[in-house]
Amino acid sequence: QVQLVESGGGLVQAGGSLRLSCAASGFSMYAVGWFRQAPGKEREFLAAVSWSGANTYYADSVKDRFTISRDNAKNTVLLHMDSLKPEDTAAYYCASAPTTEAIMTGATEVWGQGTLVTVSS
């Protein structure tokens, strides 16, 4: 059973950067994605990485500011976020699925508990 734990959230000023981490047990053969959900809004897909790390996909809203990467030796997927804006404030979640297509279509299998990111203006 894959388990995911996010960390790295916190308070940052607009224009700043944060790096979120998704630590997992046994997901080296799974694709992993990052999502966020702001209060009163629907969950939003942000980025996905294939199990090998060779393929990455981004939502248009973050593709020039966020970078997803993974280190299978450490069972970790990172989301590096630059040029943060107040509208990036949300709970951020990682999730896994067999393929990136499954990630992007919402057919995820396992979710972490989330980490909160707050961007002040």
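Calculation criteria
- Residues numbered from 1 in each chain as written.
- Predicted model: local features only at pLDDT ≥ 70, side-chain atom pairs only at ≥ 80, totals over all residues.
- Heavy atoms only, no water.
- Helix = DSSP H or I, 4+ residues; strand = E, 2+ residues; numbered from the N terminus.
- Core = buried A, V, L, I, M, F, W, Y, C linked by side-chain atoms within 4.5 Å.
- Buried < 20%, exposed > 50% of the residue type's maximum accessible area, 1.4 Å probe, protein only.
- Contact = heavy atoms within 4.5 Å.
- Salt bridge = Lys/Arg side-chain N within 4 Å of Asp/Glu carboxyl O.

**Points about unusual backbone geometry**
The backbone of Asn-75 shows a phi angle near 50 degrees, a positive value even though the residue is not glycine. Of note, Asn-75 is situated in the loop between β7 (66-71) and β8 (76-81). The phi dihedral of Ser-83 falls on the positive side, at around 50 degrees, and the residue is not glycine. In this structure, Ser-83 sits in the loop between β8 and β9 (90-97).

**Observations regarding the nonpolar core**
The biggest cluster of nonpolar side chains holds 35 residues, and the ones touching the most others in it are Trp-34, Leu-46, Phe-66, Leu-79, Met-81 and Tyr-92. Contact partners of Tyr-92, with chain neighbours within four places excluded, come to Glu-6, Leu-20, Trp-34, Phe-35, Arg-36, Leu-46, Phe-66, Leu-79, Met-81, Gly-114, Thr-115 and Val-117.

**Topic: the pattern of salt bridges**
Opposite charge on two side chains permits them to pair, given that their charged atoms come into close proximity. Inspection of the entire model under this criterion finds 4 salt bridges. The shortest N-O distance in the salt bridge between Arg-36 and Glu-44 comes to 2.8 Å. Residue Glu-44 is classed as partly exposed on the basis of its relative accessible area, which comes to 27%. With its nearest N and O atoms 2.8 Å apart, the salt bridge here joins Asp-88 to Arg-36. One end of the pair, Asp-88, is in the loop between β8 and β9; the other, Arg-36, is in strand β4 (residues 31-37), with 52 residues separating them in the sequence. An identical accessibility class is assigned to Asp-88 and Arg-36; each is buried. Residues participating in the shared-partner salt-bridge network are Arg-36, Glu-44, Arg-65 and Asp-88.

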